[in-house]
Amino acid sequence: MFQGFSNETFEFFMAIRFNNNRDFFHDNHDWYVNAVRQPGLDLAQALSPAVEALDENLERRPNRVLSRINRDIRFSNDKSPYRDHIWLAFHLLGDSEKNMPGAYFDLGLDGGAYGFGMYHANKPLMNALRRELSANPDPFLEAWLPICQEFTLYGNAIKRMAVPDDLPDSLKPWYNLRGFYLEKEIQDFDLLKSAHLADEISGGMARFAPLFRYFQRLTPVESD
């Protein structure tokens, strides 16, 4: 049962940042398991009902959802073998895993964050969004406006794409994106160290569910 993260969680993140080597990690493996991995698995389990309500096809198995602490250093200039943070990734299975919306939670030394979005750009899906925003913006507005003050929009814009002048101002930041993610930061460490963290994230998932499902209903457009 998820009881929250702890001081030991953030102390481990700090320790591995400054002692990022295999000897230190192996000597402190129990610390990692007890303070980082196990509460991460417990949180994934606690969030499973909310994720299932969002989309029953999203991966929910805790050991598949929780990130590994080991880094893939084969193609990186940074040869540090371990991460100083973790995340939970509730993504679709199969080929669409990387480029269709999924939900997530991140945790590191600076706090936590959760939301939903796409790991990679998805031009056909964003083409479909642009068509819908131009033709019938009301359904998107109904899903977006209730959460636009709670979740921050991030994404890479297509710089030379003109945004229609008649588009509502609240939708203009969406129009020329290659991909996106919406995120709510959690810098309340008392909350992060509490069982109520699962309630906060579950409630947030319920609030962004209408927008999440809006994207699921879009029919990708290969060219526009």
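Our structure's up above, just so we're on the same page.
Here the residue numbers are simple positions, counted from 1 along each chain's written sequence. It should be noted that, the model being predicted, local features are given only for residues of pLDDT at least 70 and side-chain atom pairs only at 80 or more, the latter also being counted only at that level, while totals for whole chains, interfaces and linings use all residues. Values reported for side chains reflect all heavy atoms of the structure, with hydrogen atoms and water molecules removed beforehand.

**Student:** Explain the overall build of the protein here, please?
**Tutor:** The helix and strand tally for the protein stands at nine helices and five strands. Scanning the protein from its N terminus toward the C terminus, one meets helices and strands in the order α-α-α-α-β-β-β-α-α-β-α-β-α-α. Radius of gyration (C-alpha) of the protein: 19 Å, near the 17 Å computed for a compact globule of 224 residues. If you line up the protein on its principal axes, its C-alpha atoms span 60 × 40 × 30 Å. The rule is simple: take the accessible area with a 1.4 Å probe, protein chains only, and divide by the maximum for that residue type; under 20% is buried, over 50% is exposed, in between is partly exposed. Buried positions account for 47% of the 224 residues belonging to the protein. Sequence-distant contacts, at least 24 apart, represent 67% of the contacts inside the protein between residues at least 6 apart. Accessible areas in this description were obtained via Shrake-Rupley with a 1.4 Å probe; residue shielding takes into account the shown protein chains only. As displayed, the protein has an accessible area near 12100 Å², and 46% of this comes from carbon and sulfur atoms. Under the convention used here, Asp and Glu are negative, Lys and Arg are positive, and both His and the chain ends fall outside the count. The atoms used to mark charge sites are NZ of Lys, CZ of Arg, CG of Asp and CD of Glu. Both charge centroids of the protein, one from 24 positive and one from 32 negative side chains, sit 7 Å from each other. Under the DSSP-based scheme used, a helix requires at least four consecutive residues in state H or I and a strand at least two consecutive residues in state E, with every element numbered from the N terminus. A radius of gyration in this sense is built from C-alpha atoms; the matching globule rule multiplies 2.2 Å by the number of residues raised to 0.38. We call two residues in contact when some of their heavy atoms are within 4.5 Å.

**Student:** Looking at this model, I keep getting lost on the nonpolar core. Mind explaining?
**Tutor:** Note that soluble globular proteins tend to have their nonpolar side chains buried in a common cluster. One finds Trp 174 and Phe 215 to be the most contacted residues of the largest nonpolar core, which totals 68 residues. With near-sequence residues (within four places) excluded, Trp 174 lies in contact with Met 126, Leu 129, Leu 133, Phe 140, Trp 144, Leu 153, Phe 180, Leu 182, Leu 211 and Phe 215. Each nonpolar core is a collection of buried residues, namely Ala, Val, Leu, Ile, Met, Phe, Trp, Tyr and Cys, held together in the definition by side-chain atoms within 4.5 Å.

**Student:** Please clarify how the packing of helix 3 (residues 29–54) against helix 9 (residues 196–217) should be interpreted in this entry.
**Tutor:** Two numbers describe a pair of packed helices, the interaxial angle and the distance between the axes. With axes taken as lines fitted to C-alpha atoms, and helix axes fitted only over the stretch in contact, angles between N-to-C directions fall between 0 and 180 degrees. Running from N to C, helix 3 and helix 9 cross one another at 30 degrees; their axes reach a closest spacing of 9 Å. As summarised for this structure, helix 3 and helix 9 are arranged roughly parallel, according to the angle between their axes. Along this stretch, helix 3 crosses helix 9, giving a crossing that reads as right-handed. Touching Leu 43, Ala 46, Leu 47, Ala 50, Val 51, Ala 53 and Leu 54 of helix 3 are Leu 197, Ala 198, Ile 201, Ser 202, Met 205, Phe 208, Ala 209, Phe 212, Arg 213 and Gln 216, all from helix 9. Nonpolar residues are Ala, Val, Leu, Ile, Met, Phe, Trp, Tyr, Cys and Pro. Charged residues are Asp, Glu, Lys and Arg, and all others, Gly as well, are polar. Of the residues that constitute the contact of helix 3 with helix 9, the class distribution is 14 nonpolar, two polar and one charged. Note on angle classes: values under 35 degrees are labelled roughly parallel, values over 145 roughly antiparallel, values of 65 to 115 roughly perpendicular, and the remainder oblique. Take the far helix as the reference: if the near one is turned anticlockwise from it by less than a right angle, the crossing is left-handed, and if turned clockwise, right-handed.

**Student:** I would appreciate a short explanation of the pairing of strand 3 (residues 111–117) in the present structure.
**Tutor:** A regular strand places its side chains on the two faces of the sheet in alternate fashion. Across the seven residues that make up strand 3, a large majority, seven, are buried. Here strand 3 shows two buried faces, one formed by Gly 111, Ala 113, Gly 115 and Gly 117 and the other by Gly 112, Tyr 114 and Phe 116. At least two DSSP bridges between two strands are required for those strands to pair. In this structure, strand 2 (residues 102–108) lies alongside strand 3, joined through seven bridges in antiparallel fashion. Each bridged residue has a counterpart across the sheet, and for Phe 105 the counterpart in strand 3 is Tyr 114.

**Student:** For this particular structure, what's the right way to read the sheet that holds strand 5 (residues 181–186)?
**Tutor:** In sheet architecture, strand pairing relies on hydrogen bonds along the backbone and comes in two forms, parallel and antiparallel. A sheet is described by the order of its strands in space; here five strands give the open sequence 1-2-3-5-4, paired in antiparallel fashion. Of all strands in the sheet, those with a lone pairing partner are strand 1 (86–90) and strand 4 (152–154), marking the two edges. On average, adjacent strands in this sheet sit at an angle of 20 degrees to one another, irrespective of strand direction. Taken strand by strand, helix 1 (residues 7–18) contacts strand 1 and strand 2, and its axis lies near 80 degrees from that of strand 2. Most of the contacts of helix 3 go to strand 1, to which it runs at about 25 degrees, and overall it touches strand 1 and strand 2.

**Student:** Is there a simple way to explain the packing of aromatic side chains in this structure?
**Tutor:** Each aromatic ring pair is summarised here by two numbers: the centre-to-centre distance and the angle between the ring planes. Think of it this way: a Phe, Tyr or Trp ring, Trp meaning its six-membered ring, pairs with another when their centres are within 6.5 Å, and the plane angle makes it stacked under 30 degrees, edge-to-face over 60, tilted otherwise. A complete count under the given rule lists 23 aromatic pairs for this structure. Judged by centre distance (4.9 Å) and plane angle (40 degrees), the ring pair of Phe 116 and Phe 208 falls under tilted. On the criterion of sequence distance, the pair formed by Phe 116 in strand 3 and Phe 208 in helix 9 is long-range, its members being 92 residues apart. As far as burial versus exposure is concerned, Phe 116 and Phe 208 are alike and both buried. By the ring-pair criterion, three or more aromatic residues cluster together here, those being Tyr 114, Phe 116, Phe 140, Trp 144, Phe 151, Trp 174, Phe 180, Phe 208, Phe 212, Tyr 214 and Phe 215.

**Student:** Before we go on, may I ask you to explain the pattern of salt bridges in this structure?
**Tutor:** The salt bridge criterion pairs a side-chain nitrogen of Lys or Arg with a carboxyl oxygen of Asp or Glu, the two atoms within 4 Å. Applying the stated criterion to the full structure yields eight salt bridges. Here Asp 169 and Lys 172 are joined by a salt bridge, their closest N and O atoms 3.3 Å apart. For Lys 172, a relative accessible area of 27% puts it in the partly exposed group. Among the charged side chains, a network of salt bridges with common partners joins Glu 150, Lys 184, Glu 200 and Arg 207.

**Student:** Help me out: how do you make sense of helix 5 (residues 123–135) in this one?
**Tutor:** Residues three or four positions apart in an α-helix share a direction because the helix packs 3.6 residues into each turn. With 13 residues, helix 5 should reach 18 Å at 1.5 Å per residue; the first-to-last C-alpha distance of 18 Å fits that figure. Three or more residues of helix 5 are buried, namely Pro 124, Leu 125, Met 126, Asn 127, Ala 128, Leu 129, Arg 130 and Leu 133. You can read the cap of helix 5 off the contacts: a side-chain oxygen lies 3.1 Å from the backbone nitrogen of Leu 125, and it is on Asn 122. Under the convention used throughout, the expected extent of a helix is 1.5 Å for every residue step, that is, one less than its residue count. Residues adjacent in sequence count toward polar contacts only when both atoms are side-chain atoms; beyond that, a polar contact is any pair of N or O atoms within 3.5 Å, and within protein one must be able to donate a hydrogen and the other to accept it.

Shape is all these values report; function is a separate question.
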